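Chain residues, written in single-letter form:
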Amino acid sequence: SSRVLVSPDGNQIAACITSNSPTGQLTSSHRSLCVWRVQADGSWEPSEVYQATLRLSAINDLGMIVGSRTVKTVRQAFVWDPAHGFQMLGLLEGDESAEALDVNNKGLVVGYSDDPHGPSGGPQAFIWKDGKLLALEFPLPTLYSSATTVTDSGMIGGFLQTSPDNESEASKTLSFVFSMPKHLR
């Protein structure tokens, strides 16, 4: 029911599974996040780790999985990891939806948090580590941004839409690479 993810080292696979069972005239569905881990003999050991419908984005070598789930039409960013289980990442101030898009092997999560639908504002790139959600700050005014990838060395990539300084300028969509300060890596 979602994407299949393979960890960078190739030792873990994650996917959301939906199974339907007829119960009389109705059909019931069971949805769960499953992880397969390679064993010493080369076989794969499956396990159900969380029951929910999720949109998966990335998995790291530690088995941390990020993505989003939709509750009443609102997308919410999450991280699941073997040590802490399922955690919602929260939102930046004034926002109502979010999505986690990547995670590195140090547990740094990137994505975007978005404000209510409307003509002003837009998604804002974020980083999340150890329970703290922070907006990425850019050196130029932006209408919206999204962090889409992160390396183990703390390099973050994504895109942003510039905010023109005056009416005669056009906004521009740009890609970015951002190096995280060492204390946040």
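One structure accompanies this document, and this report is about it. Predicted, not measured: the structure shown is a model, and the values here were computed from it.

Structural notes on the overall build of the protein
Then step 1. Looking only at helices and strands, the protein has zero helices and 15 strands in total.
Then step 2. The burial tally for the protein puts 39% of its 185 residues in the buried class.
Then step 3. Nonlocal contacts in the protein, meaning residues at least 24 apart in sequence, comprise 34% of its contacts between residues at least 6 apart.
Then step 4. Accessible area of the protein: about 10200 Å², with a carbon and sulfur share of 52%.

Some points on the packing of aromatic side chains
Then step 1. Scanning the entire structure with this criterion turns up five aromatic pairs.
Then step 2. Taken together, a centroid distance of 4.0 Å and an interplanar angle of 5 degrees make the contact between Tyr 50 and Phe 86 stacked. Here Tyr 50 is found in strand E4 (residues 44–50), whereas its partner Phe 86 is found in strand E8 (residues 85–88), with 36 residues between them in sequence.
Then step 3. Classification of Tyr 50 by relative accessible area gives partly exposed; the value is 24%.
Then step 4. Classification of Phe 86 by relative accessible area gives buried; the value is 18%.
Then step 5. Between the aromatic rings of Phe 78 and Phe 86, the centroid separation amounts to 5.1 Å while the plane-to-plane angle is 20 degrees, which identifies the pairing as stacked. Both residues of the pair, Phe 78 and Phe 86, belong to the buried class.
Then step 6. Put simply, the rings of Tyr 50, Phe 78 and Phe 86 touch in pairs and so form one group of aromatic residues.

Comments concerning the pattern of salt bridges
Oppositely charged side chains can form a pair if their charged atoms are brought close together.
Then step 1. On inspection of all chains with the given rule, the structure shows two salt bridges.
Then step 2. Notably, a salt bridge pairs Arg 75 with Glu 99, separated by 2.9 Å at the nearest N-O pair. Of the two residues, Arg 75 sits in strand E7 (residues 74–81) while Glu 99 sits in strand E9 (residues 97–103), which places them 24 residues apart along the sequence.
Then step 3. By relative accessible area, which is 30% here, Arg 75 ends up partly exposed.

A look at the pairing of strand E11 (residues 124–129)
Then step 1. Of all six residues making up E11, five are buried, and the element is well covered by its neighbours.
Then step 2. Where strand E10 (residues 109–114) and E11 come together, five bridges link them in antiparallel fashion. Among the inter-strand pairings, Ser 113 is bridged to a residue of E11, identified as Gln 124.
Then step 3. Two elements, E11 and strand E12 (residues 132–135), share four bridges in a ladder whose sense is antiparallel. The residue of E12 that forms the bridge with Ile 127 is Leu 134.

Digging into the nonpolar core
Nonpolar side chains in soluble globular proteins tend to be buried together.
Then step 1. Ranked by internal contacts, the top residues of the largest apolar core, which has 14 residues, are Val 66, Val 79, Leu 89, Val 109, Phe 126 and Trp 128.
Then step 2. Secondary structure elements with two or more residues in this core: E7, E9 and E11.
Then step 3. In terms of residue count, E9 provides more of this core than any other element does, three residues in total.
Then step 4. When near neighbours in sequence (up to four residues on either side) are disregarded, Val 109 contacts Val 66, Val 79, Leu 89, Ala 100, Asp 102, Val 103, Phe 126, Ile 127 and Trp 128.
Then step 5. By size, the runner-up hydrophobic cluster in this structure holds 13 residues, among which are Leu 5, Ala 14, Trp 80 and Phe 86.

Basis of the calculations
Residues numbered from 1 in each chain as written. Predicted model: local features only at pLDDT ≥ 70, side-chain atom pairs only at ≥ 80, totals over all residues. Heavy atoms only, no water. Helix = DSSP H or I, 4+ residues; strand = E, 2+ residues; numbered from the N terminus. Buried < 20%, exposed > 50% of the residue type's maximum accessible area, 1.4 Å probe, protein only. Contact = heavy atoms within 4.5 Å. Areas by Shrake-Rupley, 256 points an atom, 1.4 Å probe, with all protein chains shown as cover. Phe/Tyr/Trp six-rings, centres within 6.5 Å; stacked < 30°, edge-to-face > 60°. Salt bridge = Lys/Arg side-chain N within 4 Å of Asp/Glu carboxyl O. Pairing = 2+ DSSP bridges. Core = buried A, V, L, I, M, F, W, Y, C linked by side-chain atoms within 4.5 Å.

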